[in-house]
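For reference, the chains in residue letters:
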Amino acid sequence: MTDQSAPALKDIFNVERLQHIANEMTAVYPAFDAKGFLKHAKAGLAELSVMQRMARVSESLYAVIPLDYPQTLKVLYALAPRLNSAFVSLFLPHFVASYGLDDFKRSMAALKYFTTFGSAEFAIRHFLLHDFPRTLAVMQAWSLDDNEHVRRLASEGSRPRLPWSFRLAQVQADPELCALILDNLKADSSLYVRKSVANHLNDITKDHPDWVLSLIEGWSLDNPHTAWIARHALRSLIKQGNTRALTIIGAGAKAEVQIHHLQVTPAVINLGERINLSFTLESTAATPQKLVVDYAIDYVKSAGHSAAKVFKLKAFTLGAGECHSLRREQHIRELTTRKHYPGKHVVHVLINGEKLASADFELRDD
């Protein structure tokens, strides 16, 4: 039977891709030692993670190019537009972070250029560690740049909890350090940038929820771009039923509804199968009301207790006396972030942060 599983992310940096990089380097730098590069880059490749493979490309280039840092950058500038993958281009800013920390102005210009081909969000963090005030000042200027990739780098690179990277302890302790960047981007026309700003703010809610709430409460949400950022920035607090967060998005009032025909089917499943959650909401209010509908699953843990995980379902306005049916399919399968255990799993319907109804299903012990 053919294996239908998706290829591993690390296979973006496979042997064929390394050959592509070698070919394009030779095209822009005829003296390039392609054979030496490939030998260095392919050594132990199978055991390396995706980020280790990305770093290996950068290290392999450094190992075989006999030029100094400024001369090498000129070659990499010519290489960047020839690469056939935005993700693969991450090795370019990695090279800058690895070998250009002491050439600040040249490296900042390189990161600004390279980020337009993929992203320099991981690389810029090394400069923040090395010289925080100077790097932050550059990123504040970037937040006003005409290019959306550069503006996004200002926000994404300064996130306190950027996935796949180390945390920025200074920003995590004091979110005010990046307040100017966030303020400059709070109504950005680019969805790419807005997603980053929302994620940056959502990061901060893990450590300073009141700071984020106070910041957004001071914004005018008449601008749809700003309102979009606010909704997505507050998503973790909304899932927690935080009243201030719900109030900001207009769903702070107690929901006046009745829940009918709540079902979780099938009642008993095996790991790897799916459940279907369905129910109907009936408004008991005399006026329209804004509703944020989520659901939580009490997952059984190894010790026998349960822990809830909240999932988004729908946010909408329900008219006076109206009924609205909702349905969601959920795949109950093993994840790297969650291991499943047999037993009764309770599903709760949450409306405007309040638990209003529950049903359950049984996960069999295989």
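Residues numbered from 1 in each chain as written. Predicted model: local features only at pLDDT ≥ 70, side-chain atom pairs only at ≥ 80, totals over all residues. Heavy atoms only, no water.

**A closer look at the pattern of salt bridges**
For clarity, the threshold we go by: Think of a salt bridge as a Lys or Arg side-chain nitrogen and an Asp or Glu carboxyl oxygen that are within 4 Å of each other. Starting at the N terminus, helices and strands are each numbered in turn, a helix being any DSSP run of H or I of at least four residues and a strand any DSSP run of E of at least two. In this scheme, a residue with accessible area under 20% of its type's maximum is buried, one over 50% is exposed, and one in between is partly exposed, where area comes from a 1.4 Å probe on protein chains only.
A complete count under the given rule lists 17 salt bridges for this structure. A salt bridge links D188 to R151; the shortest N-O distance between them is 2.7 Å. Residue D188 is located in the loop between helix 11 (179-185) and helix 12 (191-205), and its partner R151 is located in helix 9 (residues 148-156); the two are separated by 37 residues in the primary sequence. Both residues of the pair, D188 and R151, belong to the buried class. Note that R159 and D203 form a salt bridge whose closest N and O atoms lie 2.8 Å from each other.

**Some words on helix 8 (residues 132-142)**
What counts is decided by this rule: The arc in question is formed by the directions pointing from the helix axis toward the C-beta atoms. The contact criterion used throughout is that any non-hydrogen atoms of two residues lie within 4.5 Å. Nitrogen and oxygen atoms within 3.5 Å of one another constitute a polar contact, given that in protein one can donate a hydrogen and the other can accept it, and given that sequence-neighbouring residues count only through two side-chain atoms.
Every buried residue of helix 8 is accounted for by F132, T135, L136, M139 and W142. In an axial view of helix 8, the angular spread of the buried residues amounts to 110°, which keeps them on one side of the axis. Structurally, helix 8 contributes buried residues whose contacts are with helix 6 (104-114), helix 7 (121-130), helix 9, helix 10 (169-173) and helix 11. The backbone nitrogen of R134 lies 3.4 Å from a side-chain oxygen of the residue at the head of helix 8, namely D131.

**Side note on the sheet that holds strand 1 (residues 257-265)**
Going by this rule: The pairing criterion for strands is at least two bridges between them, as found by DSSP. The axes are straight lines fitted to the C-alpha atoms, using for helices just the contacting stretch, and the angles between their N-to-C directions are given from 0 to 180°.
The strand order across the open sheet built from three strands is 1-3-6, with neighbouring strands paired in antiparallel fashion. Edge positions in the sheet fall to strand 1 and strand 6 (323-331), since each of these pairs with one other strand and no more. The sheet shows a mean angle of 15° between the axes of neighbouring strands, taken without regard to direction. Sheet topology note: the strand 1/strand 3 (residues 274-283) ladder contains seven bridges and is antiparallel.

**Looking at the sheet that holds strand 2 (residues 268-269)**
Read from one edge to the other, the open sheet built from five strands follows the order 2-8-7-4-5, with strand pairing classed as mixed. Only two strands of the sheet have a single neighbouring strand rather than two, namely strand 2 and strand 5 (306-318).

**Some remarks on unusual backbone geometry**
Along the chain, T265 connects to P266 via a cis peptide bond; the corresponding omega equals -10°. At W164, a residue that is not glycine, the phi angle is positive and equals roughly 70°. Topologically, W164 is positioned in the loop between helix 9 and helix 10. With a phi close to 50°, N352 is a non-glycine residue in the positive phi region. In this fold, N352 is placed in the loop between strand 7 (343-351) and strand 8 (354-363).

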